[in-house]
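What follows is the residue order along each chain.
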Amino acid sequence: MNTTILRTLSLALLVGTATLGMAGMATVEVAQAATVRPAVGNALKAAISEASSGNGSGAMAKLHEAESMPGLTASEQQAISQTKEYIAAKTGAGGGSVGCRAKFANDYNAGRYHEAIADADCLRSSGGLSGNDQLIVAQAYYLSGEYAEAIRAARAAGGPSANELILSAAFKSGDSETMRGVLEQLVSEGKTQYWTNLLTNAENTKGLKDHETLDIYRLRFRTGTMRSKDDYMLAGELALQVGSPSEAAAIMQKGIDAKVLTDDRAMRLLNLAKTTAAKDVAGLPAMQKQADAAASGDADVKLGEDLTGAGRYPDAVTAIQNGIKKGVSDQGNAKVRLGQALLGAGQKDAAIRAFDSVSKDDPAQATVAHLWSIYARTSH
């Protein structure tokens, strides 16, 4: 046999390693002048045929048959070595961790994902399973539609790429809790582009009240993730509804300046917010007196939220702290308002403590407070 065996191996190995590269496996160059005796060549042809059909033990038996021939030439030894590499790449047999890696690559590239997952066990037992290999296993699960297993494997792999895969698998499987956890981690790492996804996920939290929905839109406003004119309109309307007209006016003006809001309805809402805000400013002394005279601190907290919306953060902090000292009907709400006022006043650490102290007894309120805590930690 001349170079037939070498040509066959060259093509097979080039195809087998086209997509997923393997360290330590070089492509085969055809030795034009090589000569291989028929007995050796026939055994190697048979080994290749067995390997191609997935019969590793049969392929190795034929390879050993060729190896046992007396007086092997350098060309024959080269052909045997290359055939051994091919068997390892196709079946994992005879190559130790190198063989496992070769088969792992070939199975993954060929779309045989469950076989690739099994190949990883071979790599693991030989001590050759790397973090990147674990990520490929996670991808194999993902491409097989086994999203829970993909999440598990990606978590074991770790790293930024793993987080992206976990996020996609969680989305595909409708696992909102896992999605939120990964998005929070990505945002906490400074990847602010994920605020859009995180806040969209938060909008689906069960039990959200209008005030808490507004808090999510307040974060959209601050993180630059308002998506459309509907976001500006809803945020403005909710701010007016809770009695924060200065904030509503600022939101609407921002949308108009950005040329997102262009219709008459938006202008009417802006004008209403400005008119109401002017009345509130004029009535602040009276509101302050009423809050001071009230036995409960709820009016102080409400006054503080209005002052926060108007940008008067130190005054807002004082009002809300006075209200909390008196006693309020909703401790969680008061702590969120205090955190927002403290953050506006530049007291970031105190704001984080306020947000983090919100009880988890109300999951929706706790979710909002947690988002604001993340924002406080990551904002500049």
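Here the residue numbers are simple positions, counted from 1 along each chain's written sequence. Selection of residues for local features in this predicted model requires a pLDDT of at least 70, selection of side-chain atom pairs for listing and counting requires 80 or more, and totals for whole chains, interfaces and linings are taken over all residues. Calculation of side-chain values draws on the structure's entire complement of heavy atoms; hydrogens and water are dropped beforehand.

Student: How do you make sense of unusual backbone geometry when you look at a structure like this?
Tutor: Apart from glycine, the bulk of residues carry a negative phi angle, and the bulk of peptide bonds sit in the trans form. With a phi close to 60°, lysine 259 is a non-glycine residue in the positive phi region. The way it works is that DSSP assigns letters per residue, a run of H or I at least four long becomes a helix, a run of E at least two long becomes a strand, and they are numbered from the N terminus. Looking at the secondary structure, you find lysine 259 in the loop between helix H14 (245–257) and helix H15 (264–293). Under the relative-accessibility criterion, lysine 259 is labelled exposed at 68%. Per-residue accessibility, obtained with a 1.4 Å probe over protein chains only, is compared with the maximum for each type, and a residue is labelled buried under 20%, exposed over 50%, and partly exposed between these values.

Student: What's the story with the confidence of the model for the protein in this structure? I'm lost.
Tutor: If pLDDT is low for a region, its predicted coordinates should not be looked at in detail. Overall, the predicted model of the protein reaches an average pLDDT of 85, with 88% of residues at or above 70. As a per-residue measure, pLDDT tells how confident the predictor is, with possible values from 0 to 100. By definition, residues are in contact when any of their heavy atoms lie within 4.5 Å. Confidence drops under pLDDT 50 across residues 1–33; counting only partners more than four residues distant or on other chains, this segment forms 65 contacts.

Student: Is there a simple way to explain the packing of aromatic side chains in this structure?
Tutor: The relation between two aromatic rings is expressed through the spacing of the ring centres and the mutual angle of the planes. Whether two aromatic rings pair depends on their centres lying within 6.5 Å, for rings of Phe, Tyr and Trp, where Trp uses its six-membered ring; planes under 30 degrees apart make the pair stacked, over 60 edge-to-face, and the rest tilted. Going through the model one piece at a time under the given rule, you end up with five aromatic pairs. Arranged with centres 5.6 Å apart and planes meeting at 65°, the rings of tyrosine 108 and tyrosine 113 form a pair that is edge-to-face. The exposure class assigned to tyrosine 108 is buried, which follows from its relative accessible area of 16%. Given a relative accessible area of 23%, tyrosine 113 falls into the partly exposed group. Geometrically, the ring pair formed by phenylalanine 355 and tryptophan 372 is tilted, given 5.9 Å between the ring centres and 35° between the ring planes.

Student: What's the story with the nonpolar core in this structure? I'm lost.
Tutor: Most often, soluble globular proteins have nonpolar side chains that are buried together. Core analysis: the largest hydrophobic core is formed by 66 residues, its most contacted members being Phe104, Val137, Leu167, Trp195 and Trp372. Ignoring anything within four residues of it in the chain, the contact list for tryptophan 372 reads Asp215, Arg218, Leu219, Arg222, Gln340, Leu343 and Phe355. Core analysis: the second largest hydrophobic core is formed by 20 residues, Ile256, Leu261, Ala266 and Leu270 among them. By nonpolar core is meant a set of buried Ala, Val, Leu, Ile, Met, Phe, Trp, Tyr and Cys residues that side-chain atoms within 4.5 Å join together.

Student: Help me understand the pattern of salt bridges, please; the structure alone is not making it clear to me.
Tutor: Oppositely charged side chains may form a pair once their charged atoms are brought near each other. What makes a salt bridge here is a side-chain nitrogen of Lys or Arg within 4 Å of a carboxyl oxygen of Asp or Glu, nothing more. Under the criterion given, the structure shown has 21 salt bridges. Among the salt bridges present, the one from arginine 112 reaches aspartate 107, with a minimum N-O distance of 2.7 Å. You can call aspartate 107 buried: its relative accessible area is 1%. The shortest N-O distance in the salt bridge between arginine 377 and aspartate 356 comes to 2.4 Å. Pair noted here: arginine 377 is in helix H20 (residues 363–378) and aspartate 356 is in helix H19 (residues 348–356), with a separation of 21 residues, a long-range link. Taking relative accessible area as the criterion, aspartate 356 reaches 39% and is therefore assigned partly exposed. Where salt bridges share partners, they join Asp215, Arg218, Glu247, Glu305 and Arg337 into one cluster.

Student: Would you take a moment to explain the packing of helix H16 (residues 298–309) against helix H17 (residues 313–326) for this structure?
Tutor: Two quantities define a packed helix pair, namely the angle between the helix axes and the distance between the axes. Lines are fitted to the C-alpha atoms to define the axes, a helix being fitted only along its stretch in contact, and any angle between axes, read from their N-to-C directions, falls within 0 to 180 degrees. Put simply, H16 and H17 touch, their axes get as near as 7 Å, and they point 165° apart. Overall, the two elements H16 and H17 adopt an arrangement that is roughly antiparallel. H16 and H17 meet at a crossing whose hand is left-handed. Note on element contacts: H17 touches H16 through Tyr313, Asp315, Ala316, Ala319, Ile320, Asn322, Gly323 and Lys326, opposite Asp300, Val301, Leu303, Gly304, Glu305, Leu307 and Thr308. For the contact of H16 with H17, the per-class residue count stands at seven nonpolar, four polar and four charged. Angular relationships are summarised with four words: roughly parallel below 35 degrees, roughly antiparallel beyond 145, roughly perpendicular across 65 to 115, and oblique for the angles in between. When the near helix sits turned anticlockwise from the far one by under a right angle, the crossing is termed left-handed; a clockwise turn instead gives a right-handed crossing. Classification convention: Asp, Glu, Lys, Arg as charged; Ala, Val, Leu, Ile, Met, Phe, Trp, Tyr, Cys, Pro as nonpolar; all other residues, Gly among them, as polar.

Student: Help me out: how do you make sense of H16 in this one?
Tutor: The end-to-end C-alpha distance of H16 is 17 Å, a good match for the 16 Å that 12 residues give at a rise of 1.5 Å each. Among all positions in H16, only Asp300, Val301, Leu303, Gly304, Glu305, Asp306, Leu307 and Thr308 are buried. Each element contacted by the buried residues of H16 is listed here: helix H12 (210–223), H14, H15, H17 and helix H18 (331–344). Downstream of H16 by a residue or two, glycine 311 has a phi angle that is positive, lying close to 85°. Expected span, for any helix, means 1.5 Å times one less than how many residues it has.

Student: Quick question: what am I supposed to make of the packing of H16 against H18 here?
Tutor: It is at 10 Å that the axes of H16 and H18 come closest, and there the two elements cross at 30°. With respect to H18, the axis of H16 lies roughly parallel. The chirality of how H16 crosses H18 is left-handed. Here H16 contributes Val301, Glu305 and Thr308 to the contact with H18, which in turn contributes Asn333, Ala334, Arg337, Gln340 and Ala341. Per-class residue counts for the contact of H16 with H18 are three nonpolar, three polar and two charged.

Student: Quick question: what am I supposed to make of the side chain of aspartate 306 here?
Tutor: Structurally, aspartate 306 can be placed in helix H16. One buried charged side chain, aspartate 306, makes no salt bridge at all; its nearest oppositely charged neighbour is lysine 302, positioned 4.9 Å away. Those residues in contact with aspartate 306, other than ones at most four positions away along the chain, are Gly243, Ser244, Pro245, Asp280 and Met287. Counted as positive: Lys and Arg. Counted as negative: Asp and Glu. His and the chain ends are not counted at all.

Student: Looking at this model, I keep getting lost on the environment of serine 244. Mind explaining?
Tutor: Note on placement: serine 244 falls in the loop between helix H13 (229–241) and H14. Assessed through its relative accessible area of 0%, serine 244 is described here as buried. Those residues in contact with serine 244 that sit more than four places away from it in its chain are Arg218, Ala239, Glu305, Asp306 and Gly309.

Student: Please clarify how the side chain of aspartate 133 should be interpreted in this entry.
Tutor: Tracing the sequence through the fold places aspartate 133 in helix H7 (residues 131–143). Residues contacting aspartate 133, with those up to four places away along its chain left out, are Arg101, Phe104, Leu123 and Gly128.

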